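Secondary and tertiary structure notes
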Amino acid sequence: MHTAIKQNLAEVRSRIEQAARRSGRSADEIKLVAVTKTHPAGIIKEAIAAGATILGENKVQEAEGKIADIGREAAEWHLIGHLQSNKARKAVQLFDVIHSLDSVELAERLERICLEDGREHLSVFAHVDLAGEATKSGIAESELSELAALLRGCKCLKFDGLMILPPYFENPDDARPFFRRLREIRDELLKKNFFFRGKGELSMGMSLDFEIAIEEGATIVRVGTAIFGGRM
Ligand SMILES: *Cc1c(COP(=O)(O)O)cnc(C)c1O
């Protein structure tokens, strides 16, 4: 039995609560995505038994087998990694939320697949690249308004928020300006009424920096290592 998972989850939740309190927020506004990539189905079932309700996977193919084993309805499944266009249809079948929408073309393809497959509601976040890391995924800030405008016209895709994966920093506090800027961008889009629920989520913060992200307004944190330990 991995009682460690239960303890780690409790600890992460308590750290979320403290970070929320420090920044005058309620922990109720912050969702925890337990990032299960590389971990086998058995471990994931333990996390669900320990109270994890939202699970994050970064690869469609890897998630497929695990979701078949664990159950599509056993949790809310979030895709947090880059989505290749040839995996889009599979992603529509497997996931409740896609954090990694990073191009107009991908949005068009997802919308078309949803229409074809009768998927009436697919929640998407735009993955924004604020570091200008051309080799990485994420949409440039300059292209975001075009994507937001396209999403406004979609029937099935629901634009629910923004996601960021800042560059790696030794000192997690160095990620703070990225989180802050993402919130500003969210606020600008909010003013223009681009978000489906009238409220744009901020998916930001991982094991090393989720408390900083919460101080900067994160509404969804994606935590793997602090719950499951290191990955192979
Ligand atoms: C792996 C991953 C995480 C979780 O990272 P940890 O440092 O293990 O908490 C969060 N977001 C994305 C996009 C990831 O790929």
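Regarding the site of the ligand
Lining the immediate surroundings of the ligand are Val35, Lys37, Ile80, Leu165, Met206, Ser207, Arg222, Val223, Gly224, Thr225 and Arg231. A distance of 2.6 Å separates an oxygen atom of the ligand from a polar side-chain atom of Thr225. Burial of the ligand by the surrounding chains reaches 90%, relative to a free accessible area of 380 Å².

Quick look at helix H2 (residues 41-49)
All of the buried residues in H2 are Ala41, Ile43, Ile44 and Ala47. Mapping the buried residues of H2 onto a view down its axis gives an arc of 160°, with all of them on the same face. A positive phi of about 110° marks Gly51, the residue just after H2.

A closer look at the packing of H2 against helix H3 (residues 60-70)
The description of two packed helices rests on the angle between their axes and on the distance between the axes. H3 packs onto H2 with a crossing angle of 55° between their chain directions and a minimal axis gap of 10 Å. Classified by the interaxial angle, the pair formed by H2 and H3 is oblique. For the element pair H2 and H3, the recorded crossing hand is right-handed. Where H2 abuts H3, its residues Ala41, Ile44, Lys45 and Ile48 lie against Lys66, Asp69 and Ile70. A breakdown of the residues in the contact of H2 with H3 according to their chemical character gives 4 nonpolar, no polar and 3 charged.

A few points about the pattern of salt bridges
Applying the stated rule across the entire model yields 23 salt bridges. Glu216 is the salt-bridge partner of Arg180, the closest N and O atoms lying 2.9 Å from each other. Here Glu216 lies in the loop between helix H8 (210-215) and strand S9 (220-223) and Arg180 lies in helix H7 (residues 176-191), a separation of 36 residues in the sequence. Relative accessible area serves as the criterion here: at 40%, Arg180 is assigned to the partly exposed category.

What about the pairing of strand S1 (residues 31-35)?
Sheet faces and side chains relate simply in a regular strand, where the side chains alternate between the two faces. With 4 of its 5 residues buried, S1 lies for the most part within the structure. In the sheet, S1 pairs with S9 via 4 bridges, with the strands oriented parallel. In the strand pairing of S9, Ala34 is matched with Val223. Here S1 runs beside strand S2 (residues 54-57); their pairing, made up of 2 bridges, is parallel. Considered in S2, the bridge of Val35 is made with Gly56. Once you follow S1 into H2 and on to S2, the crossover reads as right-handed.

Focus on a negative patch on the surface
Where like charges cluster on the molecular surface, the negative patch consists of Glu105, Glu108, Glu143 and Glu146. For Glu108, the location among the structural elements is in helix H5 (residues 104-117). By relative accessible area, Glu108 is classed as partly exposed at 43%.

Looking at H5
Taking 1.5 Å as the rise per residue, H5 with 14 residues should run 20 Å; its terminal C-alpha atoms sit 20 Å apart, in good agreement. Within the span of H5, buried status applies to Val104, Leu106, Ala107, Leu110, Glu111, Ile113 and Cys114.

A word on the packing of H5 against helix H6 (residues 144-152)
Running from N to C, H5 and H6 cross one another at 15°; their axes reach a closest spacing of 9 Å. Overall, the two elements H5 and H6 adopt an arrangement that is roughly parallel. For the pair H5 and H6, the sense of crossing is right-handed. Between H5 and H6, the residues in contact are Val104, Ala107 and Glu108 and Glu146, Leu147, Leu150 and Leu151, respectively.

Here is what the cut-offs are and how they apply
- Residues numbered from 1 in each chain as written.
- Predicted model: local features only at pLDDT ≥ 70, side-chain atom pairs only at ≥ 80, totals over all residues.
- Heavy atoms only, no water.
- Near = heavy atom within 4 Å.
- Polar contact = N/O pair within 3.5 Å; in protein donor to acceptor, adjacent residues only side chain to side chain.
- Areas by Shrake-Rupley, 256 points an atom, 1.4 Å probe, with all protein chains shown as cover.
- Buried < 20%, exposed > 50% of the residue type's maximum accessible area, 1.4 Å probe, protein only.
- Helix = DSSP H or I, 4+ residues; strand = E, 2+ residues; numbered from the N terminus.
- Arc of directions from axis to C-beta.
- Axes fitted to C-alpha atoms, helices over the stretch in contact; angles between N-to-C directions.
- Parallel < 35°, antiparallel > 145°, perpendicular 65-115°, else oblique.
- Left-handed = near helix turned anticlockwise from the far one by under 90°.
- Contact = heavy atoms within 4.5 Å.
- Nonpolar A, V, L, I, M, F, W, Y, C, P; charged D, E, K, R; others polar.
- Salt bridge = Lys/Arg side-chain N within 4 Å of Asp/Glu carboxyl O.
- Pairing = 2+ DSSP bridges.
- Right-handed = clockwise from strand over helix to strand, strands pointing away.
- Patch = residues over 30% accessible without salt bridge, like charges linked within 9 Å, V, L, I, M, F, W, Y side chains within 5 Å.
- Lys, Arg positive; Asp, Glu negative; His and termini not counted.
- Charge placed at Lys NZ, Arg CZ, Asp CG, Glu CD.
- Expected span 1.5 Å × (residues − 1).

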